[in-house]
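The lines below spell out each chain.
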Amino acid sequence: MTAARRIVVKIGSALLVDASTGRVRSDWLRGLAADVAELRREGKDVILVSSGSIALGRHALALQPPLSLEASQAAAAVGQLRLAAAYDEVLAPSAQILLTLDDSEDRRRYLNMRATFETLLSLGVVPIVNENDTIATDEIRYGDNDRLAAQVAAMAGAEVCVLLSDVDGLYTANPALDPDAVHVPVVDEITEEIAAMAGEGVSGLSKGGMITKLMAARTATAAGCALAITRGGDRPLRALAEGARATWFTAKLDPHTSRKRWIAAMRPRGTVAIDEGARAALNAGKSLLTAGVTFVGGNFGRGEPVAIEGPDGRKLGQGLIRYTGEEARAIKGLRSGDIATTLGYPGRAALIHRDDMVI
């Protein structure tokens, strides 16, 4: 928590919504907002992944569980407005981002989301992410916000992902059923033995149990992000930073290194050749701009990997390109300000962003 530059925090419905009234637990939310403000004063970026829209909407519409898919989507549509308003009241400026599984599996949407997160965070905005329950069906659902939080952490390059829960971590057995269950403070590897310890949650509002949290931990740690499961009491993030009981799943690599290895392992779908000035810029850690591109080869889509060649024809590295092959050929050699005139619509300033590139 101390060293992290970017933190993703998942908030479950049982923490945010009062089960008896169906309303936001305002005092708890203000405490969380105070924690977020404190982290931001320390120079950290914070992204929240929040459940609660269906729980809030269900109460507003007087719907009784179990809900059909259509009723859940209707409840989410109503509840999303209430959820966004509650967060904006305590965290302004905040922004709502609604995602489905399709959004993270499609390369173009994935890159667009990364760019949106980066822009919002650079402007001091706290993104509030939720699954887009109003349109999501089973085949395009994450299914729970534990795994959504881990995917967002991987996407945003976070060093830490915190799952705030009604339990304070992983136990050797379900502590609600087994009084001899022992708390596990640190997990360096999710073995079959660790996986066997997972039990289901007992909350009436939340969907995810410990099994989904372990799945989230696999995703996060593979992307170089440490993940913590801890109890969401008063001022939960401050408590975690001060040593509150939690289970920490450690990552072997940092997010930057993990992402670079992932990009380096891809098979290029095309080639981009650059001039000497662009090569010097890339070696200095800068993004690749269109002005330095001399040749574009191959038919590739936006977000696909391409090889980067220097003036001598030797491969310098590769990266995820932000334009299609046809678009890239049309704008090669142009200044960034001339891209919109040529394409007829505004585009990204960088052809390949430095975060999406391996040299």
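The shown structure was predicted, so the numbers you read here are calculated from the model rather than taken from an experiment.

> Explain the state of the cysteines to me, and be specific about the residues and the numbers.
Evaluated as defined, the whole model comprises zero disulfides. A disulfide-free cysteine, cysteine 161 has its sulfur positioned 5.4 Å from the sulfur of cysteine 225, the nearest such atom. The exposure class assigned to cysteine 161 is buried, which follows from its relative accessible area of 0%.

> With reference to specific residues and values, describe the packing of aromatic side chains.
Scanning the entire structure with this criterion turns up one aromatic pair. Here tyrosine 110 and tryptophan 262 contribute two aromatic rings whose centre-to-centre distance is 6.5 Å and whose plane-to-plane angle is 55°, an arrangement assigned as tilted. Linking tyrosine 110 in helix α6 (residues 107-122) with tryptophan 262 in helix α11 (residues 255-264), this pair joins segments that are 152 residues apart in sequence. Here tryptophan 262 falls in the partly exposed class, since its relative accessible area comes to 39%.

> So what's going on with the environment of serine 51? Which residues, and what values?
Turning to its location among the elements, serine 51 is positioned in the loop between β2 (45-50) and α3 (53-60). Each C-alpha atom of the pair serine 51 and valine 129 lies 8.7 Å from the other, and the pair is 78 residues apart in sequence. Setting aside anything within four residues of it in sequence, one finds serine 51 in contact with Lys10, Ile11, Gly12, Ser13, Leu16, Leu83, Asn130 and Asn145. Here asparagine 145 takes part through its side chain, which lies 2.8 Å from a polar atom of the side chain of serine 51.

> Please provide a residue-by-residue account of α11, values included.
What α11 keeps buried is the set Pro255, Ser258, Arg259, Lys260 and Ile263. Structurally, the start of α11 carries an N-cap: the backbone nitrogen of histidine 256 is 3.0 Å from a side-chain oxygen of aspartate 254.

> Which residues make up the packing of helix α7 (residues 145-156) against helix α9 (residues 210-222), and what values go with them?
Contact geometry of α7 with α9 gives a least axis separation of 8 Å together with a crossing angle of 10°. Considered as vectors, α7 and α9 are oriented roughly parallel to each other. Contacts from Asp146, Arg147, Ala150 and Gln151 of α7 reach α9 at Thr212, Lys213, Met215, Ala216, Thr219 and Ala220. Across the contact of α7 with α9, the residue classes break down as four nonpolar, three polar and three charged.

> An account of α3 is requested, with residue identities and associated values reported.
Residues separated by three or four positions in an α-helix point in the same direction, a consequence of the helix having 3.6 residues per turn. Within the sequence span of α3, burial applies to Ser53, Ile54, Ala55, Leu56 and Gly57. Within two residues after α3, alanine 62 carries a phi angle of roughly 55°, on the positive side.

> Give me the pairing of β2: which residues, what numbers.
β2 sits mainly inside the fold: six of its six residues count as buried. The two faces of β2 match: Asp45, Ile47 and Val49 on one face and Val46, Leu48 and Ser50 on the other face are all buried. In the sheet, strand β1 (residues 6-11) pairs with β2 via six bridges, with the strands oriented parallel. Along β2, the bridge assignment pairs arginine 6 with aspartate 45. Of the pairings in the sheet, the one linking β2 to strand β4 (residues 126-131) comprises two bridges and is parallel in character.

Quick notes on the rules
- Every chain is numbered independently, its residues counted from 1 as its sequence is written.
- Totals for whole chains, interfaces and linings use every residue, but because this is a predicted model, local features are given only for residues with pLDDT of at least 70 and side-chain atom pairs only at 80 or more, for both listing and counting.
- Hydrogens and water molecules were not included; the side-chain quantities draw on all heavy atoms of the structure.
- Two cysteine sulfurs form what is called a disulfide whenever their separation falls within 2.5 Å.
- Only protein chains enter the calculation, and the probe is 1.4 Å; a residue is then buried if its accessible area is under 20% of its type maximum, exposed if over 50%, and partly exposed in between.
- Each Phe, Tyr or Trp ring (for Trp, its six-membered ring) is paired with any other whose centre lies within 6.5 Å, and the angle between the two planes then decides the class: stacked below 30 degrees, edge-to-face above 60, tilted in between.
- Strands here are runs of E lasting at least two residues and helices are runs of H or I lasting at least four, both read from the DSSP assignment and numbered beginning at the N terminus.
- Should any heavy atoms of two residues lie within 4.5 Å, those residues are counted as being in contact.
- N or O atoms closer than or at 3.5 Å make up a polar contact, with two conditions inside protein: a donor-capable atom paired with an acceptor-capable one, and, for residues adjacent in sequence, both atoms drawn from side chains.
- Note on method: axes are straight lines fitted to C-alpha atoms, helices fitted across the in-contact stretch only, with angles between N-to-C directions ranging 0 to 180 degrees.
- For classification purposes, an angle smaller than 35 degrees is called roughly parallel, one larger than 145 roughly antiparallel, one from 65 to 115 roughly perpendicular, and anything else oblique.
- Put simply, Ala, Val, Leu, Ile, Met, Phe, Trp, Tyr, Cys and Pro go in the nonpolar bin, Asp, Glu, Lys and Arg in the charged bin, and everything else, Gly too, in the polar bin.
- Any two strands with at least two DSSP-identified bridges between them are counted as paired.

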